Amino acid sequence: KNLRNLQYLHPRISALSTHDINQTKSLSLFMSKPTPRARASSAQHSAINAAALQSHRAQLLGLSPRPLRVISGAQRKETHASSSYGQPKRAQGMGPVVAAPEAPTLAQHRGLVPAPPAALTTAEWVERRERAAARGEARQPCAVCQAPFGLATHVLLSCTHMFHLTCLRAFEAHVARRRCPLCRAENYQARIVTDGAAAYREACATRIQAWWRGRCVRRAYLQVRRTHVSCDAGVRVHAAAREMRVCADRVARDTDARAAAVDLLLAEADTALMHVRRVTSAVAGPGAGMPSDTQWTALRARAADRLLADCPICVTALAPATRPCVLLSCTHVYHGACIDSFERFAYGGTPVCPVCRGPYHRRLLSEIH
């Protein structure tokens, strides 16, 4: 049958007679009888092909993590030296290759299935990088984690898609295959790039410049509003109110600053006076400087001239008839219970007056005539 079909393809075969064709068929049948050795070799090749195909299909389905491969001696030495079968020359903005093409399987080596693609050259990597840049891949978020690339390590695949390196490794560990998460390209190649970091820095610089320019424009606009008042009466009223509010705020800030400075000066003076009185009391000793009866009378008169009707500690009325009151040598009057409690809770050896922070001598107000 094959010889009859070949008659239409070759002029010499078409010129053969039917008798010659029958003789040729008999001779071909006689010569095509396989010998035992040929039959064994054919069976062996069939078994190898079947095993190679089965291993290749199992690896594609994720059932066999280690398919049958054929690695020559040179490739074996290269594999021990570098797992990426040689690094191509680095281009500007591109790092090392982190996912090189895998070694061909036995089925691919025997021609049963298409062979894997060869390692990309530097020019091919540059071309794929330009395609990804034209599509704006670096300015888009990672398709796995949906986060911008930023300054994290990211890779460009041979299918021109870009991912975080950690995200791509996690995806490969999950699916147990080297497959692009977007286009499902098998046995891809990956290379570290810095396009995402460059786009991130450019975006940050753009935001900083936009903020600064906006600030300058707002300041210029406010200056124009202060110097160029509109002819509309309502706008003029609002402008005057705004200027008055600004002036009032400035005066309030200055007043608060001056009040704070005065308070600080008085606090320093009180602290210095307290230290001086402590030193004086320590040098004079206990009981020194006790006022006489005449002096107590004068101190009571001075306290009465101030017309203080409340105790500074409990802020209640001073009523000597119901609650005993105490006069201090600094002319301040307290309830006896209040000043006793204050002295018990006072920190330090010598108690001081709660109002003037000075050492004192005390006496019941009822004992002074």
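Analysis parameters
- Residues numbered from 1 in each chain as written.
- Predicted model: local features only at pLDDT ≥ 70, side-chain atom pairs only at ≥ 80, totals over all residues.
- Heavy atoms only, no water.
- Core = buried A, V, L, I, M, F, W, Y, C linked by side-chain atoms within 4.5 Å.
- Buried < 20%, exposed > 50% of the residue type's maximum accessible area, 1.4 Å probe, protein only.
- Contact = heavy atoms within 4.5 Å.
- Phe/Tyr/Trp six-rings, centres within 6.5 Å; stacked < 30°, edge-to-face > 60°.
- Pairing = 2+ DSSP bridges.
- Helix = DSSP H or I, 4+ residues; strand = E, 2+ residues; numbered from the N terminus.
- Axes fitted to C-alpha atoms, helices over the stretch in contact; angles between N-to-C directions.

(A) Looking closely at the nonpolar core. If you look at the biggest cluster of nonpolar residues, it comprises 24 residues, and the most contacted ones within it are Val-155, Leu-157, Met-162, Phe-163, Leu-168, Tyr-188 and Ala-190. Sequence-distant contacts of Leu-168, defined by excluding residues within four places in its chain, comprise Val-155, Leu-157, Phe-163, Pro-181 and Tyr-188.

(B) Seen up close, the packing of aromatic side chains. All chains considered together, the criterion is met by one aromatic pair. For the ring pair Trp-211 and Trp-212, a centre distance of 6.3 Å and an interplane angle of 40 degrees mean the geometry is tilted. Judged by relative accessible area, which is 53%, Trp-211 ranks as exposed. For Trp-212, a relative accessible area of 45% corresponds to the partly exposed category.

(C) Representation of the sheet that holds strand β7 (residues 362–364) in the model. Taken together, the three strands give an open sheet; going across it, the order is β6-β5-β7, and neighbouring strands pair in antiparallel fashion. Edge positions in the sheet fall to β6 (333–335) and β7, since each of these pairs with one other strand and no more. Pairs of neighbouring strands in the sheet enclose a mean axial angle of 35 degrees, with direction left out of account. One ladder, built from three bridges, connects strand β5 (residues 325–328) with β7; its direction is antiparallel. Opposite Val-326, over in β7, you have Leu-364 as the bridge partner. Where helix α12 (residues 336–345) meets the sheet, it contacts β5, β6 and β7, and its direction lies at approximately 90 degrees from that of β6.

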